[in-house]
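Here are the chains, one letter per residue:
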Amino acid sequence: MTQTRPILIAALLASSVLTIPAAALAQDKILRIGMTAADIPRTLGQPDQGFEGNRFTGMTIYDGLTAWDLSKEDEASVVIPNLATSWAVNPDDTTKWVFNLRDDVTFHDGSAFNAESVVWNVQKVLDEAAPHFDASQVGVTASRMPTLRSARAIDEFTVELTTSEPDSFLPINLTNLFMASPAHWQAKFDETGNAETAWAAFAADPSGTGPFRVTSFVPRERLELAPNTNYWNPARTPKLDGVVLVPLPEANARTAALLSGQVDWIEAPSPDAIPQIESRGFTIYANPQPHVWPWQLSFAEGSPWLDKRVRHAANLCFDREELQILLGGYMGIPKGTVDPTHPWWGNPSFDIRYDLEEAQRLMTEAGFSAANPVKVKVQTSASGSGQMQPIPMNEYLQQSLRDCYFDIELDVIEWNTVFTNWRRGANDESANGAHAINVSFATMDPFFAMVRFTSTGTFPPVSNNWGLFGNDEFDALIADARTTFEDDARDAALARLHARIVEEAPFVWVAHDAGPRAMSSRVTGVVQPKSWFIDIAPMDMN
């Protein structure tokens with residue numbers, strides 16, 4: 001074990017001051033959550049702030065046709081029916097899917113959810129001719145379901161969705177399309193006469209079908225939610241009196257807020273503060289997540305990562321076990337995007353490990369040395385959804401990779417800006433000359449885990465292939481998996497894809513998150529699933 005990096009410890013000991021309105025301190029069943037985001041995720045239907053937005057304003061205010069089962073802590077989350085009760089692909093035309101909908105659901109404004117509601121919500125992000133089309137919602141939606149093209153109501157509670165090509169991943173992707181109320185938006189439009197203004201008014205006073213409704217919204221300060229007493233799903237009908245979301249991007253500020261009783265729950269507590277948090281009677285919840293914390297590498301012209309020896313060397317040059325200790329143990333050590341027990345593993349020939357001697361050999365072979373290091377710029381954030389502890393982790397990498405002749409420059413910017421830049425690509429001016437971008441991502445489904453990073457069809461602005469990695473071989477492997485509708489055969493196709501991804505190394509795989517969050521002992525009914533998400537709706541407070 002090499003000596004602990006002092007710069008990481010110093011960063012983890014930084015502190016700041018938090019102020020929360022006194023009204024939020026009442027000792028009732030109001031659950032107050034300190035998020036890692038610097039602002040409240042958007043509330044108009046399609047959240048920003050990455051999957052933290054889905055977790056806190058997507059799944060609370062809204063529902064999708066499908067959802068993740070977050071009710072178990074000891075099994076991997078799977079997709080289950082939500083506003084759709086069932087679905088099936090057309091065997092004669094696998095670009096068409098029929099979804100059967102619930103017939104007992106209403107939006108917060110009292111209007112009915114039906115097939116026309118689904119059509120309207122597809123149009124809001126895909127149909128530029130629709131009067132309610134909102135370009136601001138497209139980037140965070142279309143990039144997550146790039147093959148969806150249109151929706152058609154068959155009858156009041158049956159809808160047909162059409163994709164641009166056969167796509168067995170569609171039901172999974174639809175967990176990201178949240179259903180907003182067409183009637184409520186129309187009322188805002190009738191008041192304003194302008195679609196953009198109507199959407200702004202809708203965001204301030206949203207209407208979904210979810211277990212909570214918005215009662216107060218102060219941007220960058222707090223969002224207050226009250227229970228939807230008419231919620232359609234008894235298993236998720238809230239027991240809480242309300243929820244308050246507070247943006248706290250700095251880890252030690254979150255910890256201070258928890259210890260002082262200003263919030264009841266914080267995401268990503270400072271690792272060095274966890275013993276104190278536990279000694280004060282708070283509970284740390286954690287569970288291995290389908291998640292990768294990486295550097296995503298640029299394959300643009302002139303990038304130092306075009307040489308596979310350099311990519312392999314970076315993956316071999318740092319001690320993940322040491323980093324795991326510095327993070328208080330709340331980190332999994334990756335061998336790829338998924339682990340060797342996963343059906344998509346595929347037994348790649350490149351073994352991700354700590355091997356300093358081999359890393360130095362590869363770099364010497366590639367023409368680099370201590371006197372002639374390779375200069376690499378990495379764009380990252382100071383906080384954000386799934387970003388764990390990005391500054392100290394990146395500084396740890398910066399120091400470690402010096403041993404392998406890397407001269408790393410960190411470009412630290414605000415999380416939501418990084419997330420937006422992620423969809424613009426390595427060639428865009430927003431990259432600011434970066435050769436890698438640090439955006440963590442979920443690996444729950446094939447598109448999110450692999451396809452969007454390795455297909456030539458997902459180059460920006462279509463989706464998140466920021467690094468412009470891909471070729472005919474990868475496109476063929478993806479097509480094989482996407483057009484296979486039988487589970488075992490699709491897993492085998494995805495295993496072939498994963499093996500080749502690890503071998504070509506378009507990432508530096510740094511960590512899998514364990515998703516630590518600290519909560520007051522007053523919070524009950526908590527299930528920390530093996531998922532990026534967690535369900536607030538069934539929770540309670542004593």
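In this text the structure is predicted, and so the values were computed from the model without any measurement.

S.K.: Honestly, the overall build of the chain in this entry has me stumped. Any pointers?
M.R.: Summing up its helical and strand segments, the chain has 17 helices and 22 strands in all. Its C-alpha atoms give the chain a radius of gyration of 23 Å, near enough to 24 Å, the size a compact globule of 542 residues would have. Considering only C-alpha atoms, the chain reaches an extent of 70 × 60 × 45 Å along its principal axes. Across the chain, contacts joining residues at least 24 apart in sequence account for 71% of those joining residues at least 6 apart. By element, 50% of the accessible surface of the chain is carried by carbon and sulfur atoms, the whole surface being about 19,600 Å². Charge centroids of the chain, computed over 40 positive and 68 negative side chains, lie 3 Å from each other.

S.K.: Would you mind showing me how to read the sheet that holds strand S11 (residues 265-267) here?
M.R.: Strand pairing in a sheet relies on backbone hydrogen bonds, with the paired strands running either antiparallel or parallel. Across the sheet, which stays open at both edges, the 7 strands sit in the order S8-S9-S10-S1-S11-S20-S12 with mixed pairing between neighbours. Single-partner strands in this sheet number two, and they are strand S8 (212-218) and strand S12 (283-285). The mean angle between the axes of side-by-side strands here comes to 20°, regardless of whether they run parallel or antiparallel. Across 3 bridges, the pairing between strand S9 (residues 222-227) and strand S10 (residues 242-247) is antiparallel. Considered in S10, the bridge of leucine 225 is made with valine 243. Against the sheet, helix H8 (residues 251-259) contacts strand S1 (30-35), S11 and strand S20 (517-519), and its axis sits at roughly 170° relative to S11.

S.K.: How should I be thinking about the pairing of strand S19 (residues 507-513) in this particular structure?
M.R.: Here is the key point about a regular strand: its side chains alternate between the two faces of the sheet. Burial within S19 is extensive, with 7 of its 7 residues counted as buried. Inspection of the sheet shows strand S13 (residues 291-297) paired to S19 by 4 bridges, in the antiparallel sense. The residue of S19 that forms the bridge with glutamine 296 is phenylalanine 507. Where strand S14 (residues 331-332) and S19 come together, 2 bridges link them in antiparallel fashion. Within S19, the position partnered with glycine 332 by the bridge is histidine 512.

S.K.: Whenever I open this one, unusual backbone geometry confuses me. Can you help?
M.R.: Most of the time, phi is negative for any residue but glycine, and the peptide bond is trans. Residue proline 461 is reached from proline 460 by a cis peptide bond, and omega for that bond is 10°. Mapped onto the elements of the fold, proline 461 is located in the loop between helix H15 (446-454) and helix H16 (472-482). In this model, asparagine 347 sits at a positive phi of 55°, which is unusual for a non-glycine residue. Within the element layout of this structure, asparagine 347 appears in the loop between S14 and helix H12 (356-365). Exposure remark for asparagine 347: the relative accessible area of 60% places this residue in the exposed category. Of note in this structure, leucine 468 is not a glycine but carries a positive phi near 60°. Structurally, the position occupied by leucine 468 is in the loop between H15 and H16. Take leucine 468: its relative accessible area is 21%, and that puts it in the partly exposed class.

S.K.: So what exactly am I meant to see when it comes to the pattern of salt bridges here?
M.R.: Opposite charge on two side chains permits pairing when their charged atoms draw close. Scanning all chains against the criterion turns up 28 salt bridges. A salt bridge links aspartate 63 to arginine 236; the nearest nitrogen and oxygen atoms lie 3.7 Å apart. On the criterion of sequence distance, the pair formed by aspartate 63 in the loop between helix H2 (50-61) and strand S2 (66-68) and arginine 236 in the loop between S9 and S10 is long-range, its members being 173 residues apart. By the burial criterion, aspartate 63 is buried, and arginine 236 matches it. Here glutamate 473 makes a salt bridge to arginine 500, at a shortest N to O gap of 2.6 Å. Of this pair, glutamate 473 sits in helix H16 while arginine 500 sits in helix H17 (residues 487-504), and the two are 27 residues apart along the sequence. Given a relative accessible area of 35%, glutamate 473 falls into the partly exposed group.

S.K.: Would you explain a negative patch on the surface in this entry?
M.R.: A surface patch of like charges, here negative, comprises Asp103, Asp104, Asp155 and Glu156. Counting through the fold element by element, aspartate 103 comes out in the loop between strand S5 (93-101) and helix H3 (115-126).

What counts, and where the lines are drawn
- Residues numbered from 1 in each chain as written.
- Predicted model: local features only at pLDDT ≥ 70, side-chain atom pairs only at ≥ 80, totals over all residues.
- Heavy atoms only, no water.
- Helix = DSSP H or I, 4+ residues; strand = E, 2+ residues; numbered from the N terminus.
- Rg over C-alpha atoms; globule rule 2.2 N^0.38 Å.
- Contact = heavy atoms within 4.5 Å.
- Areas by Shrake-Rupley, 256 points an atom, 1.4 Å probe, with all protein chains shown as cover.
- Lys, Arg positive; Asp, Glu negative; His and termini not counted.
- Charge placed at Lys NZ, Arg CZ, Asp CG, Glu CD.
- Pairing = 2+ DSSP bridges.
- Axes fitted to C-alpha atoms, helices over the stretch in contact; angles between N-to-C directions.
- Buried < 20%, exposed > 50% of the residue type's maximum accessible area, 1.4 Å probe, protein only.
- Salt bridge = Lys/Arg side-chain N within 4 Å of Asp/Glu carboxyl O.
- Patch = residues over 30% accessible without salt bridge, like charges linked within 9 Å, V, L, I, M, F, W, Y side chains within 5 Å.

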